Amino acid sequence: MRNILLENPSGTADVDMASNKDLKGHKLLMLVPWDPPASYLDKLHSTFPGLEVVSENWDTWREQSFPPHIAEEDWKTVTILLTGPKFPTKEAAPNLKLVQLQSAGANFVLNNPLFTDTNIAFCTANGVHPPQIAEWIIATFLAFQHHIPRFLDYMKEHRWEHSWNDSDTQDAVSQRVGILGYGSIGRQVARVAKAIGMDVYAYTNRPRPTPESRRDNSYIVPGLGDPDGTLPSKWFSGTEPEEVAEFLSADLDLLVLAVPLTPQTKGLLSAPQFEILKGKKTYVVNIGRGPVINTDDLITALNEEWIRGAALDVTDPEPLPKGHPLWDAKNLIITPHVSGNSTSYNKRLLDILSINLQRLSEGKDYLNRVSRKRGY
């Protein structure tokens, strides 16, 4: 197993950012598959009177090209871009300074020349997902613990199968959740887990020995998450396989994988790690990216009952083909990459964009900036 979660110094070149309160000379192009509220656009104009704003209702996740009416000359004046996984060339947009991504993940930009060959700041939407994804994680875990999938099957068959065993369900009190990747999502999982009586262990790539090092500097929905890093009863860290093994050996009832997909995290959970989880028959949840888990090894772990079950909102391959053996694995809940869906997603994304526009106007570095060395 290779070293995982290797964190180097930022690797993001410092950019000389001068203050520009009105954002005079800047042009924001918003490529999103919805129309931003008029009240939001009005606030942008009043806050940054020098900023030109162009909004296009365009789905860069589905469309193969940019809106046809955006001409070559238009791209040359764009300095700020809100987009999904589609980007102009660095030659087409020579004045681009900031790319605000619609997603919390940035794996699709890592090999793009606009990212690799420039100092343009790329910022993720990290922080838009924690409330809804934490709900999905806890909901699927509790559904399994309370046998909800089985009872739903009975309901479809019109079967009333009462259990006379009052001890056939393990509630969450005093169970331990291990969160591998204690970022914004992991911190909200910790908050909800503590509320239902669970113990929380956190794993990060770098040691977090001080209160300052445990604070969360990303976007936080007010009142949620773990801003000061006080919820875990124990912290683990490291980049070596034996350090990961120590964390997985910590009697975890629930393991949450909340790490980004990087070359170091691909195949992070494979046969050797599932062998470790045998001891407690840990329930495994993956909401990161499918390739973080070796799918063949997961199927074996489920069917051989090394782990009690799993819930996946991401798979490898994805989409999961009809007839793939993962569909028929034991004690498994699969949803089609929807745990991040929320009616509040767009509002939170625009909040992050506003914060970064404010930081640009003040000459400060950006929120959720992607490190060119870490890859997230």
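To be clear, the structure that these remarks concern was listed above.
Description of the structure in this document. (Residues numbered from 1 in each chain as written. Predicted model: local features only at pLDDT ≥ 70, side-chain atom pairs only at ≥ 80, totals over all residues. Heavy atoms only, no water.)

### So, the overall build of the protein chain
Assigned secondary structure in the protein chain consists of 10 helices and 12 strands. Against the globule reference of 21 Å for 376 residues, the protein chain gives a C-alpha radius of gyration of 22 Å, in line with a compact fold. With respect to the three principal axes, the spread of C-alpha positions in the protein chain is 70 × 50 × 35 Å. Burial analysis of the protein chain (376 residues in total) assigns 50% to the buried set. Excluding contacts between residues fewer than 6 apart, the proportion of contacts in the protein chain whose partners are at least 24 apart in sequence is 71%. Accessible surface, the protein chain as shown: approximately 18000 Å² in total, 51% of it carbon and sulfur. (Helix = DSSP H or I, 4+ residues; strand = E, 2+ residues; numbered from the N terminus. Rg over C-alpha atoms; globule rule 2.2 N^0.38 Å. Buried < 20%, exposed > 50% of the residue type's maximum accessible area, 1.4 Å probe, protein only. Contact = heavy atoms within 4.5 Å. Areas by Shrake-Rupley, 256 points an atom, 1.4 Å probe, with all protein chains shown as cover.)

### Topic: the side chain of R348
Along the polypeptide, R348 turns up in helix α10 (residues 345-362). Buried charged residue R348 carries no salt bridge. Nearest counter-charge: D351, at 6.8 Å. Every residue in contact with R348, bar those within four places of it in the chain, is listed here: G127, V128, P131, Q132, Y219, V221 and S342. (Lys, Arg positive; Asp, Glu negative; His and termini not counted. Salt bridge = Lys/Arg side-chain N within 4 Å of Asp/Glu carboxyl O.)

### Remarks on the environment of L357
Assignment of secondary structure puts L357 in helix α10. L357 gets classed as buried once you look at its relative accessible area, which sits at 0%. Residues L357 and I138, 219 residues apart in the sequence, show an inter-C-alpha distance of 34 Å. With residues up to four places along the chain from it excluded, the contact list for L357 reads L23, L28, L44, F48, L51 and I80.

### Focus on empty space enclosed by the protein
It is a probe the size of a water molecule, rolled over the atoms, that shows where empty space is left. By the definition in use, this model includes 2 cavities of 30 Å³ or more. Considering only enclosed or pocket space, the largest cavity measures out at about 80 Å³ in volume. Along the walls of the largest cavity sit 13 residues, with P130, S184, I220, V221 and G225 positioned nearest its centre. Elements with a contribution of two residues or more to the lining of the largest cavity: α4 (130-145) and α6 (184-195). With 3 residues, α6 is the single largest residue contributor to the lining of the largest cavity. (1 Å grid on protein atoms, 1.4 Å probe; cavity = no way out; pocket = protein on both sides within 12 Å on 5 of 7 lines; lining within 4 Å. Points joined across faces, edges and corners; volume = space filled by probe spheres on them.)

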